[in-house]
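# Structure at a glance
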Amino acid sequence: SDLQGNPFIRPEQKTEWEIGTDLRFFDDRLKLTATYYENYIENLLFEVLVAPSTGFLEKYDNAAEMENKGIELDVSYAFLQSNDWNANVFFNFNANRNKVTSLSGTESLLLAGFNYAGTSAVEGEPLGVLWGGLWAKDEASNLILDENGFPTVAAEAGIYGDPNPDWRGGAGLNVGWKDISASIL
């Protein structure tokens, strides 16, 4: 195996708090749930590169710390309730912000991808940012071109994207008649 063992590995530790509410109105026909949370994770486990002279390529290690903050909202409304029929609509929304707060002294850890471009953990940034080679630019953010008109590569790698969504949400409809039901998302 190319993965070096680590007798000093510790379990990941997560500390979390949250506050929320569950509100119901009109004989439970209208429901609203809201939650805000924050958590901090220490001793995150990652495969980190080691010197080839060790005979290995990587070592599993407690190499990072990360924080998460977010909100979750759920709303549903039962607009039809009778002996045979029932129907309700529902909506949900959530937004999560995470940030890598420590990487044990390194700038970035490649999580997936290639040697010079991929998904990475970068200190001070969300987990999973796209990290790799960038195009060289001047002070006005114009590409610096070589003598053949092709863009030149910047001296240092950096972030070129963040795949983490700003928010997620969904909506749906449930309709039922006696013991038969159908849902649309």
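The coordinates are above.
The structure contained in this document is the topic of the report that follows. Think of each chain on its own: its residues are numbered from 1, step by step along the sequence as written. At least 70 in pLDDT is required for a residue's local features to be given in this predicted model, at least 80 for side-chain atom pairs to be given and counted, and no such filter applies to totals for whole chains, interfaces and linings, which use all residues. Computation of side-chain values covers all heavy atoms of the structure but excludes hydrogens and water.

## Describing the pattern of salt bridges
- A pairing counts as a salt bridge when a side-chain nitrogen of Lys or Arg comes within 4 Å of a carboxyl oxygen of Asp or Glu. Scanning the entire structure with this criterion turns up 3 salt bridges.
- Salt-bridge contacts for R24 lead to D22; the nearest nitrogen and oxygen are separated by 3.3 Å.
- Residue classification places D22 among the partly exposed positions, given a relative accessible area of 45%.
- A salt bridge links K99 to E67; the nearest nitrogen and oxygen atoms lie 3.9 Å apart. Of the two residues, K99 sits in strand β5 (residues 85–102) while E67 sits in strand β4 (residues 58–81), which places them 32 residues apart along the sequence.
- Classification of E67 by relative accessible area gives partly exposed; the value is 23%. Categorising residues by exposure relies on relative accessible area from a 1.4 Å probe, with only protein chains included: less than 20% of the type maximum marks a residue as buried, more than 50% marks it as exposed, and the intermediate range marks it as partly exposed. For helices the rule is a DSSP run of H or I covering at least 4 residues; for strands it is a run of E covering at least 2, with both sets numbered from the N terminus onward.

## Here's the deal with the nonpolar core
- Residues belong to a common nonpolar core when they are buried Ala, Val, Leu, Ile, Met, Phe, Trp, Tyr or Cys residues joined through side-chain atoms within 4.5 Å. Core analysis: the biggest nonpolar cluster contains 11 residues, these being I41, L44, F46, V48, A63, A64, M66, V100, L103, L109 and A121.
- Among the elements of the structure, β3 (30–49) and β4 are those that each provide at least two residues to this core.
- If you tally residues by element for this core, the top one is β3, at 4 residues.
- The contact criterion used is simple: two residues touch if any of their non-hydrogen atoms lie within 4.5 Å. Not counting residues up to four positions away in its chain, the partners in contact with M66 are N39, Y40, I41, L44, N98, K99, V100, T101 and L127.

## Describing the environment of E72
- Take E72: it is sitting in strand β4.
- Separated by 95 residues in sequence, E72 and W167 have C-alpha atoms that sit 9.9 Å apart.
- Contacts of E72, omitting those with residues within four sequence positions, involve T33, A34, T35, Y37, F93 and N94.

Treat this as a map of the structure, not an account of what it does.
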